[in-house]
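Chain by chain, the residues:
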Amino acid sequence: VRCGPRMAVHFDVVVVGAGVEGSSAAYALAKDKACGRVLLLEQFSLGHAKGSSHGGSRVTRRTYPEQHYTNMMGLAYSLWSEIEKECGEQLFVPTGGLMLGEKGSADITNLIQHAEAAGVRPRVLDAGQVQAAYGLVYPPNYIGVVEADAGVLKADCAVHALHKLFLKCGGEIRDDEKVTKIEPGTVVTVNTVHHTYTCDKLVLCPGAWLQSMLRPLGLNVGVSVMEVLVCYWKTDVPERYSASNFPVFIDYTQPCVYGIPVLEYPGLIKIVCHTGTYSSVDAPRTDGKEWEAILKRYIAKHFPGIDASKPAKTLTCLYCKTPSSDFILDRHPLHSNIVIGGGFSGHGFKLAPVVGQILHSLVTGSASPFDLSPFKIDKVCTLIAPSSHL
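Residues numbered from 1 in each chain as written. Predicted model: local features only at pLDDT ≥ 70, side-chain atom pairs only at ≥ 80, totals over all residues. Heavy atoms only, no water.

Participant: Go over the nonpolar core with me, naming the residues and quoting the values.
Facilitator: Core analysis: the biggest nonpolar cluster contains 51 residues, and Trp 80, Val 203 and Leu 359 have the highest contact counts within it. Elements that contribute at least two residues to this core include exactly β1 (9–16), α1 (20–31), β2 (38–41), α2 (67–87), α5 (155–168) and α8 (352–364). Considering each element in turn, this core owes the most residues, nine residues, to α2. If we ignore the near neighbours within four places in the chain, the residues touching Leu 359 are Ala 25, Val 203, Cys 205, Leu 329, Val 339, Ile 340 and Gly 341. (Core = buried A, V, L, I, M, F, W, Y, C linked by side-chain atoms within 4.5 Å. Buried < 20%, exposed > 50% of the residue type's maximum accessible area, 1.4 Å probe, protein only. Helix = DSSP H or I, 4+ residues; strand = E, 2+ residues; numbered from the N terminus. Contact = heavy atoms within 4.5 Å.)

In C-alpha cells, the structure reads:
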C-alpha cells in the first residue's frame, strides 16, 4: 500500500539501501521484534545492476590476510548456513579455494598465520604442485594456499533470499524511492521522491552513494568510488574449470586478480582485476580497456585452455573504497540514532550477515562480539557544514 504524497508515516527503524549489506541489517532488525516496524528503502528497482550487490557470484573464504576479518568469517559461514535453511535454497557452492602469491610476501604470510590460528589448517603448495593439481603456470617463487572450505556465494540469489526473509519477518520494502533529504533529530525525517517517513533510528547503507548521502548530514567521508570491470572468458574444455573441478582463486600480487570457476554461464570462467577506474556514481561508465588488457596478459601467461583474446561477457561493479579497505560500521558522530554502514571496498559481500548483526547492535546498543575499532568512522571522516538536500 502506497502512502499519500508527503503524509509522514512512522517506522521504528528505516534502512536506506537494499543491497546485500542494507538487506542483511534490515533482516537482523526485523527478526528482533523489540526493534518494532522496519522499513527498507531502495532508490532503484529491486534486482538492479547499478551498484555493488548484483551478479551471480562472489568468492567466499574463511581466511584473510587481516586478522579482524578472519575473526568474523567463522560467524559469517554459520549465518549464511542459517539463511539457506530459512529460505530453503542453496546459496553457497563449495569449490575449495586457492590463494596465490610470492613466497614470503606479507599477504600470503599473514593469510597462513591467521588460517592456522583460526584452525583452518591450509595446505601450502609450491609452484610445481600448483601446476600438477590445477594446471596453472606460475614462477618458482610463487606458492598456493589451499583452503578446503572456500567457495562461491550466489549473489543475486542471496540478496533475493534476504528480501524474502525480511518480508517474512514483517518488514516492508519500498523500491524506486530515492532519498532526497534527511532531517536529523530525536525523530529522524526521511524524505524520498514520493513520500515522507519518520523513524526513531536510521541505518544508512547506500553503497557507492555514501559520500553524497553523508555530506548533507555534515560529514565529509574519505571514500572513493571505483568502477571495476567484471569479465567472463571462454574455456576450451569447460569441465577443466568447472565448479566441481576447479577452485575459486585469488592472486595477491599487484594488481590483485581473482576468479570463480565455470558456474554462472555455460563454458565461461570469471576472472577479474580487484581494482578499477576511479569514478563517481554520476559519471558515464568507462570501457575498462586498461583492465581488460591486464587480464588478457595474465590469462595467457597463467591459464592454459582459456581464450584470452577477449572476454566473452563483461559487467561493471562499483566499489565504495576506504583508504585502508576497512569497512565503516559506526554511529554518526553528532546524531547517535543514525547508524552508518559503508566503504565495503569490494570484499564485503561474504561478511554481510555479520555486518547486519553489527549494525543491529549499533541500533539497539547491544554488545558486539567483535572489536569494532577498525571500523570507526572518525578514521575516514571530517565534520563539515551540513546542507539542506542530498
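Participant: Go over the sheet that holds strand β4 (residues 92–94) with me, naming the residues and quoting the values.
Facilitator: The three strands lie next to each other as β3-β8-β4, forming an open sheet whose pairing is antiparallel. Lying at the two open borders of the sheet, with one neighbouring strand each, are β3 (58–60) and β4. For this sheet, the mean angle separating the axes of adjacent strands, direction not counted, is 30°. Both β4 and strand β8 (residues 151–153) contribute to a ladder of three bridges, which runs antiparallel. Bridge pairing links Phe 92 to Leu 153 in β8. (Pairing = 2+ DSSP bridges. Axes fitted to C-alpha atoms, helices over the stretch in contact; angles between N-to-C directions.)

Participant: A description of α8 should follow, citing residues and the corresponding values.
Facilitator: Between the first and last C-alpha of α8 there are 18 Å, a value that for 13 residues agrees with the 18 Å anticipated at 1.5 Å per step. With respect to burial, α8 is a largely interior element, 11 of its 13 residues being buried. Every buried residue of α8 is accounted for by Ala 352, Pro 353, Val 354, Val 355, Gly 356, Ile 358, Leu 359, His 360, Ser 361, Leu 362 and Val 363. In this fold, the buried residues of α8 make contact with β1, α1, α2, β12 (196–204), β20 (328–331) and β21 (338–342). Immediately beyond the C-terminal end of α8, within one or two residues, lies Gly 365, with a positive phi of roughly 80°. (Expected span 1.5 Å × (residues − 1).)

Participant: Explain the packing of aromatic side chains to me, using residue names and the numbers behind them.
Facilitator: Throughout the structure, instances matching the rule amount to 18 aromatic pairs. Here the aromatic rings of Tyr 69 and Phe 327 are separated by 5.0 Å at their centres, their planes lie at 55°, and the arrangement is tilted. Here Tyr 69, found in helix α2, pairs with Phe 327, found in the loop between β19 (313–321) and β20; they are 258 residues apart in sequence, far enough to count as distant. Ring pairing ties together the aromatic residues Tyr 134, Tyr 138, Tyr 142, Tyr 241, Phe 246, Phe 249, Tyr 298 and Phe 303, which thus form one cluster. Over the ring of Tyr 77 we find Arg 62; its NZ or CZ atom is 4.1 Å from the centre of that ring. (Phe/Tyr/Trp six-rings, centres within 6.5 Å; stacked < 30°, edge-to-face > 60°. Lys NZ or Arg CZ within 6 Å of the ring centre and 35° of its normal.)

Participant: Which residues make up the pattern of salt bridges, and what values go with them?
Facilitator: The full count for this structure, using the stated rule, is six salt bridges. Between Arg 62 and Asp 149 there is a salt bridge, with its nearest N and O atoms 2.9 Å apart. Pair noted here: Arg 62 is in the loop between β3 and α2 and Asp 149 is in the loop between β7 (142–147) and β8, with a separation of 87 residues, a long-range link. The exposure class of Asp 149 is partly exposed, given its relative accessible area of 37%. In this structure, Lys 296 engages Glu 292 in a salt bridge whose closest nitrogen and oxygen atoms are separated by 3.4 Å. Residue Lys 296 and its partner Glu 292 are both found in helix α7 (residues 289–302); the two are separated by four residues, about one turn of the helix. Ionic contacts of the salt-bridge type, sharing partners, join the residues Arg 37, Glu 172 and Arg 174 into one network. (Salt bridge = Lys/Arg side-chain N within 4 Å of Asp/Glu carboxyl O.)

Participant: If you had to explain the pairing of strand β15 (residues 248–251) to someone new, which residues and values would you point to?
Facilitator: The side-chain alternation of β15 yields two buried faces, one formed by Val 248 and Ile 250 and the other by Phe 249 and Asp 251. The pairing of strand β5 (residues 97–102) with β15 spans four bridges and is classified as parallel. When the bridges of β15 are listed, Met 99 appears paired with Ile 250. Sheet topology note: the β15/strand β16 (residues 257–260) ladder contains three bridges and is antiparallel. Bridge pairing in β16 links Asp 251 to Val 257. The antiparallel pairing of β15 with β16 creates a hairpin that spans five residues between the two strands.

Participant: Help me get a handle on the packing of α1 against α8, residues and values and all.
Facilitator: Two elements in contact, α1 and α8, have axes whose closest approach is 7 Å; the angle formed by their N-to-C orientations is 55°. As the angle between them shows, α1 and α8 are arranged oblique. Of the two elements, α1 crosses α8, and the hand of that crossing is right-handed. Contacts between α1 and α8 involve Val 20, Glu 21, Ser 24, Ala 25, Ala 28 and Leu 29 from the first element and Ala 352, Pro 353, Val 355, Gly 356, Gln 357, Leu 359, His 360 and Val 363 from the second. Considered class by class, the residues forming the contact of α1 with α8 number nine nonpolar, four polar and one charged. (Parallel < 35°, antiparallel > 145°, perpendicular 65-115°, else oblique. Left-handed = near helix turned anticlockwise from the far one by under 90°. Nonpolar A, V, L, I, M, F, W, Y, C, P; charged D, E, K, R; others polar.)

Participant: Give me the lowdown on the packing of α2 against α8, citing residues and values where you can.
Facilitator: At a minimum axis distance of 7 Å, the contact between α2 and α8 shows a crossing angle of 100°. If you check the angle between α2 and α8, you find them roughly perpendicular. Here Met 72, Leu 75, Ala 76, Leu 79, Trp 80 and Ile 83 of α2 lie close against α8, whose contacting residues are Ala 352, Pro 353, Val 354, Gln 357 and Ile 358.

Participant: Kindly report on the pairing of β12, identifying the contributing residues and their values.
Facilitator: With respect to burial, β12 is a largely interior element, seven of its nine residues being buried. In this sheet, β12 lies alongside β1 in parallel orientation, the contact comprising seven bridges. By the bridge assignment, Val 15 is partnered in β12 with Val 203. Once strand β11 (residues 188–192) ends, the chain turns through three residues before running back antiparallel as β12.

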